Amino acid sequence: MDLRHLKYFLAVAETRNFTQAAASCYVAQSALSQQIARLEKDVGARLFSRTSRSVRLTAAGELLEPLARRILADVDTARAALDALSGLRRGRLRLGLVQTRASSVDLVEVMADYHARYPGIDLHVTNAPSAEMAASVLAGDLDIAIVGLGPRQIPDGLDHQVLAADPLVLIVPADHALADRGTVDLADLPESHQLIQFTRGSGLRRQVEAAFARAGVEPGQHFQVGQIQDMIRLAARGIGVTVVPRSSVLDDSAPGASLRDVLPYGARALRIADEAAVHTICAVHDSKRLAPAAAAFLEVVERHAIRD
């Protein structure tokens, strides 16, 4: 098989559209169609079922898709290993980053340090829900992902390093019935409460839902917001309550900082009695296919974790 054919095949498999796939591969649609036809001839089976309205994978196509991803990922790993002979002077690192903050490790500083040490390595950064990024590492589409998942939530086959375990806090408006408490149980929330939740599929969303499950209560009516600071501001204005990592509302490195000092509109951040209610940040990777550029990044992460 020609690797180029596999790239074209995956482009069509992802877009389900020959025109879009050709554009993403920077080739004419006719050329891409010819290459797909050659690949089908090589494998001895049709890979796509095509009509005037749709394109879908055949059984053979569904079988080939994960294999093609791994083949191309292995090729990237081999190229990176050969680049290592040049002292990591060139190469690529495909990195997934969680959108929430990792309190014990400043990932911006990690990336800056890494770039200073290895300026020839191109960083390709992706932001997506944690579960999606972990799956991408498993599939070989990402080299490393920093995800908001606990060790038990990480897919089998991946290695991990815990970077932070940030306690979750409940944000309520100043006039809320629980506002004067220092610590609360999620079961203390009124049944009519409205919960402001983070993006579905994110690690934070999973950890919040797990905390409610341990408390033996339903999360209640809720709506979804894609930015943690917006969640906090909406809760402060009385739209509902929300649960966020403590580091989102308090910088522990600031001397004398208080949860009450940093929230808008006099809102309150209440400690949750459940000690397991934490936002865990992990670096996940596949040690069986860890490229030198990725291994070097993990070393920089570890160095910063020890320093902090």
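The paragraphs below set out a description of the structure included in this document.

So, how was this worked out
Just so you know, the residues in each chain are numbered from 1, in the order the chain's sequence is written. Confidence filtering applies because this is a predicted model: local features only for residues at pLDDT of at least 70, side-chain atom pairs given and counted only at 80 or more, and all residues used for totals across whole chains, interfaces and linings. Excluded from the side-chain calculation are hydrogens and water; included are all heavy atoms of the structure. Grouping buried Ala, Val, Leu, Ile, Met, Phe, Trp, Tyr and Cys residues that are joined through side-chain atoms within 4.5 Å yields what is termed a nonpolar core. Here the term buried applies to any residue with accessible area under 20% of the maximum for its type, exposed to any over 50%, and partly exposed to those in between, with areas from a 1.4 Å probe on protein chains only. To qualify as a helix, a DSSP run of H or I must reach at least 4 residues; to qualify as a strand, a run of E must reach at least 2; elements of each kind are numbered from the N terminus. Whether two residues are in contact is decided by their heavy atoms: any pair within 4.5 Å suffices. Angles here are taken between N-to-C directions and fall from 0 to 180 degrees, while the axes themselves are lines fitted to C-alpha atoms, restricted in helices to the stretch in contact. Throughout this description, any angle smaller than 35 degrees is read as roughly parallel, any larger than 145 degrees as roughly antiparallel, any in the 65 to 115 degree range as roughly perpendicular, and the remainder as oblique. When residues are sorted by character, Ala, Val, Leu, Ile, Met, Phe, Trp, Tyr, Cys and Pro go into the nonpolar class, Asp, Glu, Lys and Arg into the charged class, and all the rest, Gly among them, into the polar class. Exposure above 30% relative accessible area and no salt bridge define the residues that can form patches, which grow by joining like charges within 9 Å and nonpolar side chains of Val, Leu, Ile, Met, Phe, Trp and Tyr within 5 Å. The protein chains shown are the only cover counted for residues, whose accessible areas, like all others here, come from Shrake-Rupley with a 1.4 Å probe. In the sections that follow, a salt bridge refers to a side-chain nitrogen of Lys or Arg positioned within 4 Å of a carboxyl oxygen of Asp or Glu. In the analysis that follows, any N or O atom pair within 3.5 Å is treated as a polar contact, provided that within protein one partner can donate a hydrogen and the other can accept it, and provided that, for residues neighboring in sequence, both atoms belong to side chains.

### Considering the nonpolar core
- One finds Leu170, Ile171, Val243, Val244 and Val249 to be the most contacted residues of the largest nonpolar core, which totals 33 residues.
- Put simply, the parts of the chain that give this core at least two residues each are β6 (159–172), β8 (194–197), α7 (203–215), α8 (228–236), β10 (241–245) and β11 (268–272).
- Judged by nonpolar contacts, the second largest core, of 25 residues, contains Tyr114, Ile146, Leu163 and Val300.

### Details of the side chain of Ser248
- Topologically, Ser248 is positioned in the loop between β10 and α9 (259–262).
- Beyond its immediate sequence surroundings of up to four residues, Ser248 is in contact with Ile228, Gln229 and Ile232.

### Focus: the packing of helix α2 (residues 18–25) against helix α3 (residues 29–43)
- One can describe the packing of α2 onto α3 by two numbers: an axis separation of 9 Å at closest approach and a directional angle of 100 degrees. Between α2 and α3, the angle falls in the class roughly perpendicular. Note on element contacts: α3 touches α2 through Gln29, Leu32, Ser33 and Ile36, opposite Phe18, Thr19, Ala21, Ala22 and Cys25.
- Partitioned by chemical class, the residues of the contact of α2 with α3 number six nonpolar, three polar and no charged.

### Here's the deal with a nonpolar patch on the surface
- A contiguous nonpolar surface patch, about 340 Å² in accessible area, is contributed by Leu3, Leu63, Leu67 and Ile71.
- Positionally, Ile71 belongs in helix α4 (residues 59–84).
- Ile71 gets classed as partly exposed once you look at its relative accessible area, which sits at 33%.

### Considerations on the side chain of Ser130
- Its location among the elements puts Ser130 in helix α6 (residues 130–139).
- Residue class for Ser130 comes out buried when judged on its relative accessible area of 1%.
- In terms of polar contacts, Ser130 uses its side chain to reach the backbone amide nitrogen of Gly148, at 2.8 Å.
- For Ser130, the residues in contact, after removing those within four places along its chain, are Val98, Val147, Gly148, Leu149, Gly201, Ser202 and Gly203.

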